[in-house]
Structure formats: C-alpha cells, structure tokens
Amino acid sequence: MTDTRIAAARLEALAHALLSALGSAPDEAAVVARHLLEANLRGHDSHGVGMLPFYVDSCRAGTLVPNQPARLSNDAGAILQFAGDRGYGQRVVMEALDLAIERVKSTGIVLTTVSQSHHMGRIGTYGERLAEAGLVALLFVNVTDFPKALVAPFGGSAARFGTNPICIAFPAGNVEPAFVLDFATSMVAYGKTRVAYLAGRHFDEAVMLDAAGHPTADPKVMWEEPKGALRPIAEHKGGGLVTAVEFLAGLLSSGGTFQPAHPRAGGIVNNLTAVIIDPARVAGTAWLRAEYDAMADYIRSSPSPEGAPPVMLAGEPERQRRAQRLEEGLTFSANEWAGILEAARRAGVAEADLADLA
Ligand code: NAD
C-alpha cells in the first residue's frame, strides 16, 4: 500500500470540515485544525490530524465536548485557574494563555492552570505562543481518564502514568530564534507508537516494555493485548521527572492524577500547570537578548563528529521540518490515511465534500 501525500492547505481544510461536522463552531474548528496541522508540519505526526479518529470516538462517547470555552475558576492576581470541562484542549489552553499574557504585564509572573480539558495536543504550540509574546514559559501536563496507564515508573514493569510532557520556552534574541524544548517524559510519545504501528515499523531502540516487563522496540505491545508500557526517559532521572510532572500538573491544577480511585471514561484528559514569566521584569531586555544570542552561538560552535549534522537548539528541528513540509506536503501511511477518511465519514462529512477535500 502506498503512502498519501497532501498539501498543508488541503489537510487543514479536511480537518476543519471534520471538526465542523462533529459540532464545533467555525472559530473552534479553525483553532483545532490549525493546531493539528502545525503539529504535522513540525514533524510531530503523533499529535496531528491523525488524532482525529480518536477525537470522533471521544466525541461520540461524550468524553470530548465541543464548544467549551476556558472557564475561569479562580482569578487571584498572579494566579489564574481555568476548568476545561472536557472541551478541546487546543482551544481551551489558547484562551487561558490569552488572559495570562494580559495578566503577566501587571504581575510579572503568572501561575496558570487548566484542569480537565480534552487532549491539549502538542504542548510546544503553547511554548511558541508564549515565547512570541516575549515570555518565558514552563509548562507541565499530565494525563487522566485514559483507560490504562501508559508509562512505567523507573524500576517498575506495569504502567502508572500518562506520557506527561514538559515544555520550556524562551523568547528569541536579536538573532537566535526562540528556544522551545517540548517532549514527553516517556522515551517516545504514545502517538508515535500509533504512527509506527500503523506503518508496520519498529523503533530503533527498545523504548517500550512488553507485558512481562522485557524491553522491546515493537509498537504492537502498546496496541495489541497483552499490553506493555512505555519506558520513562533518562533512567532514574526521567522516572523522577515523569513523577514530578504528575504532581505539578495533576495536583496544582486540581485536575487530579492517574491514581486508580478516579473514574476512567476512556478519553484523553489533560491538566496543565504553567509558570509564565516576563523576563523584562528581572533583567534588561537588551542584555537578555545579547546574552541569549551569545550563549546560543557558543553552544552551536561545539563541533559535531564528522558527517553528523551541526548542533541545534530545541525548536530548530521543528522549524526546519515546517519549511520542508510546507514545500513538499505531508505524508501519511496508507493505514493512517484510511483511518482519517473513515473518521471524516463517521463525523458526517458528505462523500462529495470528502472527494473534493482529500
Ligand atoms: P521528541 O522526542 O521529538 O523531542 C522533541 C524536542 O526535542 C523538541 O523540543 C525538539 O526541538 C528537540 N530536539 C529534537 N531533536 C533535537 C536535536 N537534534 N537537537 C536539539 N534539540 C532537538 O518529542 P516527543 O517526546 O516525541 O514528543 C512529541 C510531542 O508529543 C510533543 O510536542 C509533546 O508536547 C507531545 N505530547 C503531548 C502529550 C499530551 O498529553 N498532550 C503527551 C505527550 C507528548
């Protein structure tokens, strides 16, 4: 079966049509479709349009509720807390950040939390948004509601966590673009096991454990019974990080953790704790920019082994892939593409419209 290649604009239109058919108002469909497309463009297909089949199922099951705005639940100066009410995380978080960006102008630092939205998607999107606004961002996200935990604790074989991403973003200097570090605290994001499984590919290293706790590179252990677990990054340090994110995001947002007393309705619910800092309140902007550029330059000057690509800073691979994919289009495995089209039909996109869009 051959891969499908599609231009960015057509993919976004397809996602918009599907989300609208699922019930989203035009603005919401636009925000979510753009988020998904940008994830694909930046090379994170795990968090792109390929999530839509799951979103259709979640909508039908009532674990995802269209047209929910970010609901402000606690406005206490430098603390802004929102409830997500199972709405699209891509919309809810953007709205929460809009208020945080406004607030940080007066407070210099803001703690923003969002509890219980549906999937927030690629967390780097929010880091990029905050960095573009000239702000430093520390973002921690945990996962609840999923039927089964995905990531094993360090030293354990059975999963106890979601893939708990962290994003740390720093605004651009005069020359150097923004630093956007954004990753799952598991060795790979869960969605990447979906993309590999559907494409019939194994990983290059044993990023998972099978049900008996043996390391494996075969993604089927995440998609076929008996299911295994993803391994945390960086041995005991990553095991500590995945746990820290669970506490930071799950507790401070009041959205809760993966502990088994909570109901698991089968959706992907995310909770976010974000610390947002206006760096201009703690150091001069001219100095910050020059120092940022100088350090980035110094990092880049570290020679790479012969034949290997030069040193990059976080955010750069995504910028490179975006430029390339805008030019060349986006590629999906035959299985993944069939799943997206099937999801569009299930959502109610008319066959004639689908023929036009796809
Ligand atoms: P990854 O392993 O691809 O790492 C990405 C990070 O590493 C980026 O910041 C990138 O710029 C940087 N990077 C990559 N190669 C680099 C290089 N050679 N030099 C310097 N920096 C480099 O990401 P991942 O762990 O697979 O996560 C993928 C996505 O999944 C993320 O966007 C994350 O937010 C998302 N995610 C979301 C959830 C959720 O529940 N919403 C859960 C887990 C992950």
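Since we're looking at a predicted model, the values are computed, not measured.

**Observations regarding a nonpolar patch on the surface**
Part 1 of the argument: Judged by side-chain polarity, Phe247, Leu248, Leu251 and Leu252 come together as a nonpolar surface patch covering roughly 370 Å² of accessible area.
Part 2 of the argument: Relative to the elements of secondary structure, leucine 252 occurs in helix H8 (residues 235–252).
Part 3 of the argument: Among the residues examined, leucine 252 registers a relative accessible area of 45% and is labelled partly exposed.

**Here's the deal with helix H6 (residues 190–199)**
Part 1 of the argument: Taken residue by residue, H6 has Tyr190, Gly191, Thr193, Arg194, Val195 and Ala196 as its buried positions.
Part 2 of the argument: Check the buried side of H6 and you find it contacts strand E8 (208–209), helix H7 (220–223), strand E10 (229–230) and helix H11 (334–347).
Part 3 of the argument: Positive backbone phi, approximately 70 degrees, marks glycine 200, located one or two places after H6.

**Observations regarding the site of the ligand**
Part 1 of the argument: Near the ligand there are 22 residues, and of these Asp182, Ala184, Lys192, Gly315 and Glu318 occur at the shortest range.
Part 2 of the argument: At 3.0 Å, a backbone N or O of valine 180 approaches an oxygen atom of the ligand.
Part 3 of the argument: Between the ligand and the protein, one listed contact pairs an oxygen atom with a side-chain N or O atom of aspartate 182 at 2.5 Å.
Part 4 of the argument: Counting residues per element, the ones that place at least two in the shell around the ligand are strand E7 (179–183) and helix H10 (316–328).
Part 5 of the argument: The greatest single-element share of the shell around the ligand, amounting to four residues, is contributed by E7.
Part 6 of the argument: Looking at the shell around the ligand residue by residue, the class counts come to eleven nonpolar, seven polar and four charged.

**Considerations on the pairing of strand E11 (residues 269–277)**
Regular strands have side chains that alternate between both faces of the sheet.
Part 1 of the argument: Across the nine residues that make up E11, a large majority, seven, are buried.
Part 2 of the argument: One ladder, built from eight bridges, connects strand E4 (residues 109–118) with E11; its direction is antiparallel. Within E11, the position partnered with leucine 111 by the bridge is valine 275.

**Details of the sheet that holds E10**
Part 1 of the argument: A sheet is described by the order of its strands in space; here three strands give the open sequence E9-E8-E10, paired in antiparallel fashion. Two strands in the sheet have a free side with no partner beyond their single neighbour: strand E9 (215–216) and E10.
Part 2 of the argument: As paired elements, E8 and E9 share two bridges and run antiparallel to each other. By the bridge assignment for E9, methionine 208 is matched with threonine 216.

**So, the pairing of strand E5 (residues 136–144)**
Part 1 of the argument: For E5, the tally of buried residues reaches eight of nine residues, placing the bulk of the element in the interior.
Part 2 of the argument: Where E5 and strand E6 (residues 166–170) come together, four bridges link them in antiparallel fashion. Across the sheet, alanine 137 pairs through a bridge with alanine 169, a residue of E6.

**Looking at the domain arrangement of the protein**
Part 1 of the argument: You can read the domains of the protein as domain 1 (1–61 + 328–357) and domain 2 (68–186 + 232–301).
Part 2 of the argument: For domain 1 versus domain 2, the separation of C-alpha centres amounts to 25 Å.
Part 3 of the argument: Every contact between the two is made by 16 residues of domain 1 and, on the other side, 16 residues of domain 2.
Part 4 of the argument: Counting each side, the surface lost to burial between domain 1 and domain 2 is near 1400 Å², with a carbon and sulfur contribution of 64%.
Part 5 of the argument: It is Glu28, His35 and Tyr55 in domain 1 that bury the most area against domain 2; as a group they hold 40% of the surface buried on that side.
Part 6 of the argument: Across the contact surface, domain 1 and domain 2 share two salt bridges.
Part 7 of the argument: Two residues, arginine 42 and glutamate 128, come together in a salt bridge whose shortest N-O distance is 3.0 Å.
Part 8 of the argument: Here domain 1 is connected to domain 2 by five residue pairs in polar contact (both at pLDDT 80 or more).
Part 9 of the argument: Mapped onto the side of domain 1 that touches domain 2, the elements with two or more residues apiece are helix H2 (26–41) and helix H3 (52–61).
Part 10 of the argument: The dominant element in the side of domain 1 that touches domain 2, judged by the number of residues it contributes, is H2, at six residues.

Criteria and cut-off values
- Residues numbered from 1 in each chain as written.
- Predicted model: local features only at pLDDT ≥ 70, side-chain atom pairs only at ≥ 80, totals over all residues.
- Heavy atoms only, no water.
- Patch = residues over 30% accessible without salt bridge, like charges linked within 9 Å, V, L, I, M, F, W, Y side chains within 5 Å.
- Areas by Shrake-Rupley, 256 points an atom, 1.4 Å probe, with all protein chains shown as cover.
- Salt bridge = Lys/Arg side-chain N within 4 Å of Asp/Glu carboxyl O.
- Helix = DSSP H or I, 4+ residues; strand = E, 2+ residues; numbered from the N terminus.
- Buried < 20%, exposed > 50% of the residue type's maximum accessible area, 1.4 Å probe, protein only.
- Contact = heavy atoms within 4.5 Å.
- Near = heavy atom within 4 Å.
- Polar contact = N/O pair within 3.5 Å; in protein donor to acceptor, adjacent residues only side chain to side chain.
- Nonpolar A, V, L, I, M, F, W, Y, C, P; charged D, E, K, R; others polar.
- Pairing = 2+ DSSP bridges.
- Domains from an automatic or database assignment.
- Buried area = accessible area lost by both parts, 1.4 Å probe.

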